[in-house]
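# Examination of the molecular architecture
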Amino acid sequence: MFVWTAARLDSSRMNILITGGAGFIGSNFVHYVLKRRQQDKIVNVDMLTYAGNLENLEDVRSHPNYVFEKADICDRDAIERILEKHNAEAIINFAAESHVDRSILGAAEFIRTNVSGTQVLLELANQRKMKRFLQVSTDEVYGSLGDTGLFTEETPLHPNSPYSASKAGADMLALAYHHTFSLPVVITRCSNNYGPYQFPEKLIPLLIANALNDKPLPVYGDGKNVRDWLHVEDHCAAIDSVFHDGKIGEIYNVGGSNEWMNIDIVKLVLELLNKPESLITFVQDRLGHDRRYAIDSSKIRRELNWKPGYTFEHGIRETVQWYIKNRTWWENIITGEYQEYYKRMYEGREKIAG
Ligand code: NAD
Ligand code: DAU
């Protein structure tokens, strides 16, 4: 059997199929690659769920190195046809159901896309003897930390939500395809992202949108849960670097060493928007809410020379400005199906004293 050993992808021009490219990180990645790697062709496969939005990619719609194909990653025949049509040589799998709260409301779609969909892609990548398969994973597969310590690549998997359990399942499958078939798999596990085009169900854009509309900012539990925030462009740079130079079969943690308690993020956003703290509303906690995430990213820094380009101070200001300038983008979202989701998630959620 052919065994993949080379670390560096040696190819002057590559056809890369990315999935979930109409979502938050995927669309930022499309912009990132088209700006920097003129030789690569990007085929973006997205089924356009509630989280997929082609407006994110309006400016590159006619780019000669970019093409969009609407398809479900669970639909084996459709994906096979697309791979064939574009002679795809590698896959970067962003497509997922990505919101923890929605996975608590119903987990079936998370298992379908995140586990079964990933398996379909792995199977086809193996069948076509692809040059790379990058699985975009998350630090949430490691579970929750106490007050101290960091997740390393050796931390045992301990996913706590249906979302993170489905992502851990996908990681295990990807590693199994590497071990069993020598498929050249690499995995990235990143901490919380923020930046442009993030769907306003996630904490930072939700805070900005609510504050701009003078609506209450819902803080789960005591607001002291900790997340490690990284600008999405730094995540894209890490994925690009692992895709090209990462060691096959390896996992790379990605994070900005930038831990914040949720309540401090809330206060910062209010300060940047010059809005009063009286908008803060403590609400009933998320079920099974992980207390703290914090990433040790020394491996990718040491081996691939990656480091974040953004300071949080700069990134969060720029992000707030982006949501102010692109108000129509998020207003179009929050006036649609989102209203139903918001009601279901937040109305009737018991308020608690701060
Ligand atoms: P997102 O929800 O914004 O986008 C997901 C995209 O996948 C959407 O465009 C959606 O239409 C598409 N999609 C969903 N199901 C599909 C299917 N069956 N077939 C084809 N397309 C489908 O998610 P995101 O925040 O951009 O996250 C992207 C990836 O990065 C996910 O795998 C997520 O687990 C991972 N991740 C996210 C973060 C974060 O902070 N957002 C951090 C680490 C890792
Ligand atoms: O760590 C990486 C993960 O980060 C990704 O794998 C997920 O796809 C992504 O959604 C994100 O998960 P979180 O659950 O950490 O992100 P979220 O923005 O939903 O919440 C961030 C924190 O803020 C979390 O502690 C819950 C809290 N929160 C969230 C919302 C939406 C609130 O207090 N109020 C809210 O209304």
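For the structure itself, look to the data block above.
The structure reproduced in this document is the subject of the present report.

Calculation criteria
Residues numbered from 1 in each chain as written. Chains lettered and ligands numbered in written order. Predicted model: local features only at pLDDT ≥ 70, side-chain atom pairs only at ≥ 80, totals over all residues. Heavy atoms only, no water. Near = heavy atom within 4 Å. Polar contact = N/O pair within 3.5 Å; in protein donor to acceptor, adjacent residues only side chain to side chain. Areas by Shrake-Rupley, 256 points an atom, 1.4 Å probe, with all protein chains shown as cover. Helix = DSSP H or I, 4+ residues; strand = E, 2+ residues; numbered from the N terminus. Nonpolar A, V, L, I, M, F, W, Y, C, P; charged D, E, K, R; others polar. Pairing = 2+ DSSP bridges. Axes fitted to C-alpha atoms, helices over the stretch in contact; angles between N-to-C directions. Contact = heavy atoms within 4.5 Å. Expected span 1.5 Å × (residues − 1). Bend = angle between axes of the 7 residues up to and from the residue. Buried < 20%, exposed > 50% of the residue type's maximum accessible area, 1.4 Å probe, protein only. Phe/Tyr/Trp six-rings, centres within 6.5 Å; stacked < 30°, edge-to-face > 60°. Lys NZ or Arg CZ within 6 Å of the ring centre and 35° of its normal.

So, about the site of ligand 1. Taken together, 29 residues lie near ligand 1, and Ile25, Asp46, Ser98, Tyr163 and Lys167 sit nearest. Phe24 places a main-chain nitrogen or oxygen 3.0 Å from an oxygen atom of ligand 1. Contacts to ligand 1 include Met47, whose backbone N or O atom sits 3.1 Å from a nitrogen atom. Considering ligand 1 on its own, with 830 Å² of exposed area, one finds that the protein chains cover 97% of that surface. Every element with two or more residues in the shell around ligand 1 is listed here: α1 (24-36), α4 (108-127), β5 (132-138), α5 (162-181) and β7 (192-194). In terms of residue class, the shell around ligand 1 is made up of 14 nonpolar, eleven polar and four charged.

What follows covers the sheet that holds strand β10 (residues 251-254). Note: strands within a sheet are paired through backbone hydrogen bonds, in either parallel or antiparallel orientation. Read across the sheet, seven strands follow the order β3-β2-β1-β4-β5-β6-β10 without closing on themselves; strand pairing throughout is parallel. Across the chains shown, the open sheet's two edge strands, defined by having one partner strand only, are β3 (66-70) and β10. Neighbour-to-neighbour, the strand axes of the sheet open up by a mean angle of 20°, direction not taken into account. Two elements, strand β1 (residues 15-19) and strand β4 (residues 90-93), share four bridges in a ladder whose sense is parallel. Of the residues in β4, the one forming a bridge with Ile18 is Ile92. The strands touched by α5 within the sheet are β5, β6 (185-190) and β10, with β5 carrying the most contacts at an inclination of about 155°.

Around ligand 2, 24 residues are found, and the nearest of them are Asp139, Tyr163, Arg286, His289 and Tyr346. Leu203 is positioned with one of its backbone polar atoms (N or O) 2.8 Å from an oxygen atom of ligand 2. Within the backbone of Pro218, a nitrogen or oxygen atom sits 2.9 Å from a nitrogen atom of ligand 2. In the complex, 94% of the free accessible area of ligand 2, which totals 690 Å², lies under the protein chains. The greatest single-element share of the shell around ligand 2, amounting to three residues, is contributed by strand β8 (residues 217-220).

Moving on, we get to α4. With 20 residues, α4 ought to run about 28 Å at 1.5 Å a step, and its terminal C-alpha atoms sit 27 Å apart, in line with that. Of all the bends in α4, the largest measures some 25° and sits at Gly117. Turning to α4, its buried residues are Phe110, Thr113, Asn114, Gly117, Thr118, Val120, Leu121, Leu122, Leu124, Ala125 and Asn126.

Moving on, we get to the sheet that holds strand β9 (residues 226-231). Spatial ordering of the open sheet is given by β7-β9-β11, a layout of three strands whose pairing is mixed. The sheet terminates laterally at β7 and β11 (259-261), the two strands that pair on one side only. Within the sheet, the average angular offset between the axes of one strand and its neighbour, ignoring direction, is 50°. Sheet topology places β7 next to β9; three bridges connect them, and they run parallel. Directly across from Asn192, in β9, lies its bridge partner Trp229.

What follows covers the side chain of Ser161. Here Ser161 shows up in the loop between β5 and α5. If we skip the residues at most four places from it in the chain, Ser161 touches Val100, Ser103 and Glu140.

This part takes up the packing of aromatic side chains. Aromatic rings considered in pairs are described by the distance between their centres and by the relative angle of their planes. For the structure on display, the rule yields 18 aromatic pairs. Between Trp322 and Trp329, the aromatic rings sit 5.4 Å apart at their centres with planes inclined by 70°, giving edge-to-face as the arrangement. When sorted by exposure, Trp322 lands in the same class as Trp329, which is buried. With 6.0 Å between their ring centres and 45° between their planes, Tyr338 and Tyr341 make a pair best called tilted. Note that Tyr338 and Tyr341 are positioned in helix α12 (residues 338-346) at a spacing of three residues, about one turn of the helix. Connected via pairs of aromatic rings, a cluster forms that spans Tyr50, Phe199, Tyr220, Tyr338, Tyr341, Tyr342 and Tyr346. Here the guanidinium or amino end of Arg36 rests over the ring plane of Tyr32, the centre of that ring lying 3.8 Å away.

It is worth stressing that arrangement in space is one thing and function is another; only the former is reported here.
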